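# A look at the structure
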Amino acid sequence: MADVTDVSEKVDTPDLHTTAGKLADLHRRLEAAKDPGSERARARRDAKGLPSARQRMHMLFDEGTFVELDQLAKSPGDDKIKDGVVIGYGLVNGRKVAAFSHDQTVGAGTVGEMFGRKMVKLYDFAATAGLPVVGINDSGGARIQDAATSIAWYAELGRHQDGLCGQVPQISMILGTCVGGAVYAPANTDVLVGVEDNTYMFVTGPEVIRPTTGETTSAEDLGGAVKQATWGNLHHVAKDEQAAFDWVKRYLGFMPDSVHQRPPLVNPGIEPELTDSDLSLETIIPDADNAGYDIHEVILRVFDDGDFLEYAELWAPNIVCGFARSDGQSVGVVANQPMHMAGTLDTQASEKAARFVRLCNSFNIPLVFLVDVPGILPGVEEEKIGTIRRSGKFIFSYVEAAVPKVTIILRKSYGGAWAVMGSKQLGADFVFAWPTARLAVMGAEGAAAIIKRREIEEAGENGPAIRQAFIDFYNQFMATPWLAAERGYIDGVIEPKDTRLLIRKCLRQLQDKELQRVPRRTYLMPM
């Protein structure tokens, strides 16, 4: 067999008969492995002002805690390529995390055999040790030169990634251009984070689309960060890489290490009495039914320290999802946003909420719903895009969730949207309403158009007066929280100022909640 030892390794080789020589040889090899890409590729990266794969790992981990695995691995028979991925583990804010980082300067970060072997080792290690996995993605996808080998290892990675799904948190950072298989794998993780002006993700890039379909487009229009976040494929867009790493660290702070643990408690017991912030909730709802207000102002007042990490803020902004804390405990918040489409539920909002609810349920994070929803969006376009099937995921996900579930109805709660937004009948543990709540099949204007249509038409000039009289009667006697409270459909009507402390009490009562289900092979959620 031919000697495949790199000729360059024979030049200035230390005396390997001594310990000092062996140490020098180790240092030489480690130094060569630190940034193994070609000079041209490194220069191209540096010209863009981007960190190296290992520098990105150091941006993630606490200083001095990163331990690299397989640093000296390289493709068999090819002494120049170390393969384009760095793997290892370390501490993030003092907690153990596993991570990988694609190296665009080595084979454009594409998947080869050693790339696949290293990734499988990391996945299996994380699954065994119960560690969250952060993936720093910057990859050209499958390696064309490796043909079947690359595709085979992509498939192998998918099989091993299954062992992590729902077991440990998985976060994907898209820091560069990711194509083909390099976006399929992140799509199956819990959250995806991108960066303005340096995140591009698509199944096929502009240069492939042009000769294939004749369409001409730019990378930005096809898969830029803001576009992908608007479409729901990215769940946060940061202004730069440092801000992206900061967001990921905050996100990990709300998560447990694995499904077998609970998220960490942070500052429990603070502000155990009513505060001025609580009292300000008494005037936060406008007197006019159709007036908007920012639901963030409510969220910041009913959870600890005003600390709220929003999820997918650019996707379906008519519903707000994110993580907060109640008495130090991580909670998932789902809230209608009156500032966008009056908080109406459409297909996109339902899919966003469904994904978020399943994420919280996977890691035993309680859910708190803040409700102000005028209904479900009607229309031909909604029906054409399959709203029956796609919106059904929200109902399915909520019923499926076994975590503690608390609902606070702030103002409107109409029709099917009342049911899906954390109703008692779908499985909420506690449901309370503010006195400003309106619970009914539909709003007064819609009810007048149906119930009083003929009478209004026949009344001629008196029609508007009859319509308004019905609306006033409906709002005063029908669309109120009192009937629902009398029938037990809600657990009570509360003063807004008591909301924060009441949520704490509810979650404390539910902290040992266990929901036993009949075993089955899988839950057939509408897809």
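These lines cover the structure that appears in this document, whether it is placed above or below.

Rules and cut-offs
Chains are numbered independently. Their residues run from 1 in the order of the written sequence. In keeping with the model being predicted, local features are shown solely for residues with a pLDDT of at least 70 and side-chain atom pairs are shown and tallied solely at 80 or more, while totals for entire chains, interfaces and linings include all residues. Each side-chain value is worked out from all heavy atoms of the structure, with water and hydrogens disregarded. Two joining distances apply to patches: 9 Å for like charges and 5 Å for nonpolar side chains (Val, Leu, Ile, Met, Phe, Trp, Tyr), and every residue must have over 30% relative accessible area and no salt bridge. Using a 1.4 Å probe, accessible areas were evaluated by the Shrake-Rupley method; residue-level cover was limited to the displayed protein chains. A pairing counts as a salt bridge when a side-chain nitrogen of Lys or Arg comes within 4 Å of a carboxyl oxygen of Asp or Glu. In this count, Lys and Arg are taken as positive residues and Asp and Glu as negative ones, while His and the chain termini are left out. A single reference atom marks each charge: NZ on Lys, CZ on Arg, CG on Asp, CD on Glu. A run of H or I in DSSP counts as a helix once it spans at least four residues, and a run of E counts as a strand once it spans at least two, with each numbered from the N terminus. The rule is simple: take the accessible area with a 1.4 Å probe, protein chains only, and divide by the maximum for that residue type; under 20% is buried, over 50% is exposed, in between is partly exposed. When DSSP finds two or more bridges between a pair of strands, those strands are recorded as paired. Any two of the Phe, Tyr and Trp rings considered here, Trp counted by its six-membered ring, make a pair once their centres fall within 6.5 Å; the pair's planes then place it as stacked at under 30 degrees, edge-to-face at over 60, or tilted in between. Comment: the charge-over-ring label is applied if NZ (Lys) or CZ (Arg) is within 6 Å of the ring centre and within 35 degrees of the ring normal. Method remark: on a 1 Å grid restricted to protein atoms, a set of points is classed as a cavity if a 1.4 Å probe fits but cannot get out and as a pocket if it is open with protein on both sides within 12 Å along at least five of seven lines; lining residues have an atom within 4 Å of a point. Grid points are joined across faces, edges and corners, and a volume is the space filled by probe spheres set on the points. Any residue that is not Ala, Val, Leu, Ile, Met, Phe, Trp, Tyr, Cys, Pro, Asp, Glu, Lys or Arg is counted as polar, Gly included; the first ten are nonpolar and the last four charged. Orientation is described by lines fitted to C-alpha atoms, with helices fitted over the stretch in contact, and by angles between N-to-C directions that extend from 0 to 180 degrees. Residues are treated as being in contact if the distance between any of their heavy atoms lies within 4.5 Å.

On the surface, Glu196, Asp197, Glu220, Asp221, Asp240 and Asp246 cluster together into a patch of negative charge. Take Asp197: it is sitting in strand β6 (residues 191-202). Relative accessible area serves as the criterion here: at 64%, Asp197 is assigned to the exposed category.

The buried count for strand β9 (residues 319-326) comes to 8 of 8 residues, which makes it a mostly enclosed element. Inspection of the sheet shows strand β8 (residues 309-311) paired to β9 by 3 bridges, in the antiparallel sense. Bridge pairing in β9 places Glu310 opposite Gly322. Judged from the 8 bridges that link them, β9 and strand β10 (residues 329-336) form a sheet pairing that is antiparallel. Counted as the bridge partner of Val320 is Ala335 from β10. Where β9 folds back onto β10 in an antiparallel hairpin, the turn is made up of 2 residues, including Asp327, whose phi is positive at roughly 55°.

This part covers the packing of aromatic side chains. Scanning all chains against the criterion turns up 11 aromatic pairs. Aromatic pair Tyr251 and Phe323: ring centres 5.6 Å apart, planes at 75°, arrangement edge-to-face. Of this pair, Tyr251 sits in helix α10 (residues 241-254) while Phe323 sits in strand β9, and the two are 72 residues apart along the sequence. No difference in accessibility class separates Tyr251 from Phe323, as the two residues are buried. What links up through ring pairs into an aromatic cluster is the set Trp247, Tyr251, Phe254, Tyr311, Phe323 and Phe356. Its end group placed over the ring of Phe254, Arg325 keeps NZ or CZ at 4.0 Å from the ring centre. In this structure, Lys405 packs its charged tip against the face of Tyr398, placed 4.3 Å from the ring centre.

Put simply, the largest pocket is a space of about 1600 Å³. As for the largest pocket, its lining consists of 46 residues, and the residues nearest its centre are Arg355, Arg358, Leu359, Ser362 and Met525. Elements that contribute at least two residues to the lining of the largest pocket include exactly α6 (181-187), β6, α13 (347-362) and α15 (387-400). Class assignment of the residues belonging to the lining of the largest pocket gives a composition of 22 nonpolar, 14 polar and 10 charged.

Our focus in this paragraph is the pattern of salt bridges. Applying the stated rule across the entire model yields 31 salt bridges. One salt bridge connects Asp289 with Arg438, and the closest N-O pair in it is separated by 3.0 Å. Of this pair, Asp289 sits in the loop between α11 (276-279) and α12 (295-302) while Arg438 sits in strand β14 (residues 438-440), and the two are 149 residues apart along the sequence. What you see here is one network of salt bridges that share partners, running through Asp304, Asp327, Arg504 and Arg508.

The strand order across the open sheet built from 7 strands is β1-β2-β3-β4-β5-β6-β7, with neighbouring strands paired in mixed fashion. Of all strands in the sheet, those with a lone pairing partner are β1 (67-69) and β7 (236-238), marking the two edges. Each strand axis lies, on average, 25° off the axis of its neighbour in the sheet, ignoring direction. Relative to β7, β6 runs parallel, the two being bridged by 3 bridges. Residue pairing for β7: Val195 is matched across the bridge by Ala238. Strands β1, β2 (85-92), β3 (95-102) and β4 (133-137) of the sheet are contacted by helix α4 (residues 113-129), whose axis makes an angle of about 25° with β2.

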